[in-house]
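# Chain and residue survey
The chain contents come next:
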Amino acid sequence: AQTVTQSQPEMSVQEAETVTLSCTYDTSENNYYLFWYKQPPSRQMILVIRQEAYKQQNATENRFSVNFQKAAKSFSLKISDSQLGDTAMYFCAVRGGATNKLIFGTGTLLAVQP
Amino acid sequence: EAGVAQSPRYKIIEKRQSVAFWCNPISGHATLYWYQQILGQGPKLLIQFQNNGVVDDSQLPKDRFSAERLKGVDSTLKIQPAKLEDSAVYLCASSLPSLRGDSYEQYFGPGTRLTVT
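This write-up is about the structure you can find in this document. (Residues numbered from 1 in each chain as written. Chains lettered and ligands numbered in written order. Predicted model: local features only at pLDDT ≥ 70, side-chain atom pairs only at ≥ 80, totals over all residues. Heavy atoms only, no water.)

### Examining the overall build of chain B
Summing up its helical and strand segments, chain B has zero helices and eleven strands in all. Against the 2.2 N^0.38 benchmark of 13 Å for 117 residues, chain B shows a C-alpha radius of gyration of 14 Å, consistent with a compact globule. Dimensions of chain B along its principal axes, counting C-alpha atoms only, are 40 × 30 × 30 Å. Sorting the 117 residues of chain B into buried and exposed places 46% on the buried side. Carbon and sulfur atoms form 51% of the exposed surface of chain B, whose accessible area is close to 5700 Å². Mean positive and mean negative side-chain charge positions of chain B (13 and 11 charges, respectively) differ by 6 Å. (Helix = DSSP H or I, 4+ residues; strand = E, 2+ residues; numbered from the N terminus. Rg over C-alpha atoms; globule rule 2.2 N^0.38 Å. Buried < 20%, exposed > 50% of the residue type's maximum accessible area, 1.4 Å probe, protein only. Areas by Shrake-Rupley, 256 points an atom, 1.4 Å probe, with all protein chains shown as cover. Lys, Arg positive; Asp, Glu negative; His and termini not counted. Charge placed at Lys NZ, Arg CZ, Asp CG, Glu CD.)

Right under this line is the structure:
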């Protein structure tokens with residue numbers, strides 16, 4: 001079974017500052033993928049960044065980057081130069097196994113303050 | 001490119017009534033997913049289709065929930081009869097064929113918010 005744990009229900013950051021969202025996971029799969037999704041009030045899930053477990057290099061997408069610690073099963077998201085539009089729920093997810101289904105964490109509500 | 005379409009966006013019903021949700025995936029996406037997202041939780045997969053065949057329905061409450069994907073394109077999720085605990089957002093997603101080892105992105109629709117009173 002695969003599980004994802006997000007221990008920060010809510011976080012707040014000032015505009016233009018940097019914030020890190022935590023995520024730990026558990027999986028018995030050797031080949032799996034990790035994702036961060038953003039869900040604004042519109043409810044549409046938007047992919048922020050993904051990481052292939054077999055790659056050692058941390059993924060980056062513009063202001064978003066991850067710190068992937070495979071041995072510790074940790075996958076944190078760093079948002080640099082936070083913007084008001086980054087305010088949303090952020091979900092960490094793992095994908096792997098025979099059916100490749102996504103398993104989500106419970107989410108972190110991020111509020112960017114002006 | 002058009003995204004995943006869902007309707008309705010909102011639905012309010014009384015318990016024991018029936019309800020249906022519709023999803024139209026991105027053109028060419030063979031794999032379709034239905035998720036249930038209860039308030040304060042992450043989405044949970046209910047059922048996954050590959051074309052018109054079911055790949056995974058292990059978490060679908062089959063006594064009251066049913067889903068079909070005729071012709072491998074549009075899909076309908078039905079609840080009959082609804083219970084109070086079915087109040088949630090129902091998300092549809094689609095992707096290119098989901099095979100073991102691939103990392104094809106799932107694209108999500110806007111969801112349907114169901115309230116059961």
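### Re the interface of chain B and chain A
Reports often express the size of an interface as the amount of accessible area lost when the parts come together. Between chain B and chain A, the residue contacts involve 33 residues of the former and 23 residues of the latter. Seen at the junction of chain B and chain A, the total is one salt bridge. One salt bridge in this structure joins D56(B) and K101(A), with 3.5 Å as the shortest N-O distance. Where chain B packs against chain A, one counts seven residue pairs in polar contact (both at pLDDT 80 or more). Going through the elements one at a time, β4 (31-37), β5 (44-50), β6 (53-56), β9 (88-95) and β11 (112-116) of chain B are the ones with two or more residues in the side of chain B that touches chain A. Residues that form the side of chain B that touches chain A fall into these classes: twelve nonpolar, 15 polar and six charged. (Contact = heavy atoms within 4.5 Å. Salt bridge = Lys/Arg side-chain N within 4 Å of Asp/Glu carboxyl O. Polar contact = N/O pair within 3.5 Å; in protein donor to acceptor, adjacent residues only side chain to side chain. Nonpolar A, V, L, I, M, F, W, Y, C, P; charged D, E, K, R; others polar.)

### Considering the side chain of Q8(A)
Residues and elements named next belong to chain A. Following the sequence through the fold, Q8 ends up in the loop between β1 (3-5) and β2 (10-14). A polar side-chain atom of Q8 sits 2.7 Å from the main-chain amide nitrogen of S22. Not counting the four nearest positions on each side in its chain, Q8 is found in contact with T20, L21, S22, G107 and T108.

### Observations regarding the pattern of salt bridges
Within the structure shown, the criterion is met by five salt bridges over all chains. Between K62(B) and D57(B) there is a salt bridge whose closest N-O contact spans 3.8 Å.

Limitation: the analysis is restricted to geometry and does not speak to function.
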